[in-house]
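Architecture at a glance
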Amino acid sequence: MSEQSPYEKLGVSEEASFDEIQDVRNRLLQQYSGDSKRVEVIEAAYDAILMDRLRMRQEGKIKVPERIRFPERLVQAPPKETPVSREQSPTWLQKILDKPTPTDVLLPGIWYLGLSAISIFYPGGGDQVLSMALVVGVGISIYFINRKEGKFGRAVLFILFGLITGLIAGGMIAGWAIPQIQQFVSLTPNQFSTVLTFVLLWLISSFLK
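The shown structure was predicted, so the numbers you read here are calculated from the model rather than taken from an experiment.

As a further point, take the overall build of the chain. For the chain, the count of helices and strands is nine helices and zero strands. When the 209 residues of the chain are sorted by exposure, 29% land in the buried category. Partitioning the contacts of the chain with sequence separation of at least 6, the portion at a separation of at least 24 is 66%. Carbon and sulfur atoms provide 60% of the accessible area of the chain, an area that totals close to 14,400 Å².

Turning our eyes to something else, we now look at the side chain of Arg-53. Locating Arg-53 in the fold gives a position in helix H3 (residues 36-58). Buried charge without a salt bridge: Arg-53, with Asp-52 as the nearest opposite-charge side chain at an N-O distance of 5.1 Å. Among the polar contacts listed, one links the side chain of Arg-53 to the backbone oxygen of Ala-16, at a separation of 2.7 Å.

For helix H6 (residues 102-121), built from 20 residues, the straight-helix expectation of 28 Å at 1.5 Å per residue is met to within 8% by its first-to-last C-alpha distance of 28 Å. Residues of H6 that are buried: Val-105, Pro-108, Tyr-112, Leu-115, Ser-116, Ser-119 and Ile-120. Along H6, the residues classed as buried sweep out an arc of 130° about the axis, all on the same side. Turned more than 90 degrees off the buried face of H6, the exposed positions are Pro-102, Thr-103, Leu-106, Ile-110, Leu-113 and Phe-121. In the core, the buried residues of H6 are packed alongside helix H7 (127-149) and helix H9 (189-207).

What follows deals with the packing of helix H8 (residues 152-181) against H9. One way to put it is that H8 packs onto H9 with a least axis distance of 6 Å and a crossing angle of 135°. Taken together, H8 and H9 sit at an angle that is classed as oblique. Handedness of the H8/H9 crossing: right-handed. Tallied by class, the residues present in the contact of H8 with H9 amount to 16 nonpolar, seven polar and no charged.

Attention now moves to the pattern of salt bridges. Taken as a whole and judged by the stated rule, the model has three salt bridges. A salt bridge links Arg-25 to Glu-43, with the shortest nitrogen-to-oxygen separation between them at 3.1 Å. Taken together, the positions of Arg-25 in helix H2 (residues 18-31) and Glu-43 in helix H3 put the pair 18 residues apart, joining distant regions of the chain. You can call Arg-25 buried: its relative accessible area is 17%. We classify Glu-43 as partly exposed; its relative accessible area is 26%. Among the ionic pairs, Asp-52 bridges to Arg-55, the shortest N-O distance being 2.4 Å. Note that Asp-52 and Arg-55 are positioned in helix H3 at a spacing of three residues, about one turn of the helix. Arg-55 sits in the partly exposed class, given a relative accessible area of 37%.

Our next topic: the UniProt feature "transmembrane region" (unreviewed entry) in the chain. The residues that UniProt annotates with the feature "transmembrane region" (unreviewed entry) are residues 105-122, 128-145, 157-178 and 190-208. Annotation note: span residues 128-145, helix share 100%, strand share 0%, distance between end C-alpha atoms 26 Å. Taken end to end, residues 157-178 is 100% helix and 0% strand, and its two terminal C-alpha atoms sit 29 Å from one another.

Another point: the nonpolar core. Ranked by size, the top nonpolar core spans 18 residues in total, and within it Tyr-112, Leu-115, Ile-145, Phe-158, Ile-159, Phe-198 and Ile-204 carry the most contacts. Contributing elements (two or more residues each) for this core: H6, H7, H8 and H9. Sorting elements by how many residues they give to this core places H7 first, with seven residues. Contact partners of Phe-158, with chain neighbours within four places excluded, come to Ile-96, Ile-145, Ile-204, Leu-208 and Lys-209.

The tally for this structure, following the rule as stated, stands at three aromatic pairs. Aromatic pair Trp-202 and Phe-207: ring centres 6.4 Å apart, planes at 80°, arrangement edge-to-face. For Trp-202, a relative accessible area of 24% corresponds to the partly exposed category. The ring centre of Tyr-46 lies 4.5 Å from the NZ or CZ of Arg-25, which sits over that ring. Note that Arg-38 overlies the ring of Tyr-32, its terminal NZ or CZ placed 4.8 Å from the centroid.

Conventions used here
Residues numbered from 1 in each chain as written. Predicted model: local features only at pLDDT ≥ 70, side-chain atom pairs only at ≥ 80, totals over all residues. Heavy atoms only, no water. Helix = DSSP H or I, 4+ residues; strand = E, 2+ residues; numbered from the N terminus. Buried < 20%, exposed > 50% of the residue type's maximum accessible area, 1.4 Å probe, protein only. Contact = heavy atoms within 4.5 Å. Areas by Shrake-Rupley, 256 points an atom, 1.4 Å probe, with all protein chains shown as cover. Lys, Arg positive; Asp, Glu negative; His and termini not counted. Salt bridge = Lys/Arg side-chain N within 4 Å of Asp/Glu carboxyl O. Polar contact = N/O pair within 3.5 Å; in protein donor to acceptor, adjacent residues only side chain to side chain. Expected span 1.5 Å × (residues − 1). Arc of directions from axis to C-beta. Axes fitted to C-alpha atoms, helices over the stretch in contact; angles between N-to-C directions. Parallel < 35°, antiparallel > 145°, perpendicular 65-115°, else oblique. Left-handed = near helix turned anticlockwise from the far one by under 90°. Nonpolar A, V, L, I, M, F, W, Y, C, P; charged D, E, K, R; others polar. UniProt positions renumbered as here; feature names shortened; annotations may be inferred. Core = buried A, V, L, I, M, F, W, Y, C linked by side-chain atoms within 4.5 Å. Phe/Tyr/Trp six-rings, centres within 6.5 Å; stacked < 30°, edge-to-face > 60°. Lys NZ or Arg CZ within 6 Å of the ring centre and 35° of its normal.

Now the structure itself:
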């Protein structure tokens, strides 16, 4: 038995491919799993064949598969865990928040800037002009929100909330804010509330859906 070559010990030819040699080795190990001496002979023969194949590869006689030359490459790295943000927004907030494009922000901004200018600088403008500007602003807001997902009812609720909040907040802080900006532009409390409402409607139109 000792005079046999490693190929003869495994029962394969010297022209056998690596896959064939490995299949025979695995089959023999399974067949003689209870015979430690036989298993030792099989493993020694297999190792000797590997060394012979590597020697032949160095001499340029054969090409050794990379899984023999670089067995460590067969070990797959564990998949990287995707970090989960601990500060994710609530689901209900994610459903209404939008990620607007620059156009989505600028287009309604231009409209509200124009309406704010009319509300402040329109000659002889009074409450009637302010009311008309607010009506137009509400319509613009509903249009820009509704076109995102086509949910008209929700768009109306958002805009009504913004309209009421803007008018109430404007009336509450007008007495403090108007003196601060009086040096830049002359505003009445109603004009200030209207402009503040337009700012809020612009934010809602741009960043909600």
